Structure formats: C-alpha cells, structure tokens
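Each chain, letter by letter, is given below.
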Amino acid sequence: MTTYYYLVASEKFLTSDSENLHEIIDEKHRFYKDNNKEIDFWFIKQPAFLDAPEFKEIKAKCPQPSAAVISLNKQWITFLKLRLEYVITGEFNAPSDTIPDAIASLTVAV
C-alpha cells in the first residue's frame, strides 16, 4: 500500500488563471523531465477517492465539481497549500477496499 497526499478544491478554483496552478504543474513536469525523474503527481478532475466513505465530510466541504492534485511528495502538497490557501489537504493509503485506484477520476471521457 502506498501513501498519497492530496490537495482538493473546486475545479473552477484550481483551474482559474488567477491561481496559476497549471504553470506550477507545467514547471514541475518540465523539471522532472529534464532530470529524468519519474512523475509522482497528478491533477485529477472529479477525483474518485472522494467517494470513499472515509471522505464523506471532506467531499461535503468541497464545492463540486472538485479537482485534486495527488502526489507521493508530502512537502510539495504542503507548498501548494501555502500558495493556494483555499484548499483542503490530507493523505490516504491505496490501493484499499474503498480506494482501489488512487488517481481514478469520475469524469467520463468524451
């Protein structure tokens, strides 16, 4: 089982140009690629882990539709929380009975 760290907020908030999250993620992706590091973070629209029973209260607090940044790096999620402010952070272990896929999304591909 692996520990994943998350930051969750409304999708509208996380994708707004004023928050620049896409630039932060692009820069981190570029850094990883330039340094041959394996990607350990994901941006997920409508993250499925929020439907797990243990996340009922978190999901109720977060405006829908939601989005999440999920990472194996706790320090990076902490950095993002300090930068973005209006977010909820935490951690979970997966795979588990209630979260079989840590980075699954409830969105339907069109």
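Everything in this summary refers to the structure shown in the same document. The model shown is predicted, which means the values in this text are computed figures rather than measured ones. (Residues numbered from 1 in each chain as written. Predicted model: local features only at pLDDT ≥ 70, side-chain atom pairs only at ≥ 80, totals over all residues. Heavy atoms only, no water.)

Moving on: the overall build of the protein chain. Of regular secondary structure, the protein chain possesses 4 helices and 4 strands. Starting at the N terminus, the α and β elements of the protein chain follow one another as β-α-α-β-α-β-α-β. The globule rule puts the C-alpha radius of gyration for 110 residues at 13 Å, and the 14 Å found for the protein chain is close to it. C-alpha extents for the protein chain along the principal axes are approximately 40 × 35 × 30 Å. Residues classed as buried in the protein chain amount to 39% of the 110 residues present. By sequence separation, contacts in the protein chain at least 24 residues apart represent 78% of the contacts at least 6 residues apart. Per element, the accessible surface of the protein chain, about 6900 Å² overall, is 51% carbon and sulfur. (Helix = DSSP H or I, 4+ residues; strand = E, 2+ residues; numbered from the N terminus. Rg over C-alpha atoms; globule rule 2.2 N^0.38 Å. Buried < 20%, exposed > 50% of the residue type's maximum accessible area, 1.4 Å probe, protein only. Contact = heavy atoms within 4.5 Å. Areas by Shrake-Rupley, 256 points an atom, 1.4 Å probe, with all protein chains shown as cover.)

Residue placement: L106 occurs in the segment after β4 (88-94). With a relative accessible area of 41%, L106 lands in the partly exposed category. For the pair L106 and Q46, spaced 60 residues apart in the sequence, the C-alpha separation amounts to 5.4 Å. When neighbours within four sequence positions are excluded, L106 is seen to be in contact with K45, Q46, P47, A48 and D51.

With that settled, consider the pairing of strand β1 (residues 2-10). For a regular strand, side-chain orientation follows a simple rule: the groups alternate between the two sheet faces. In terms of residue burial, β1 counts as a mostly covered element, since 7 of its 9 residues are buried. By the bridge criterion, 7 bridges tie β1 to β4 in an arrangement that is antiparallel. Each residue of the ladder has a partner; that of V8, found in β4, is I88. As defined by bridge partners, β1 adjoins strand β3 (residues 66-71) across 6 bridges and the pair is classed as antiparallel. Residue pairing for β3: Y6 is matched across the bridge by I70. (Pairing = 2+ DSSP bridges.)

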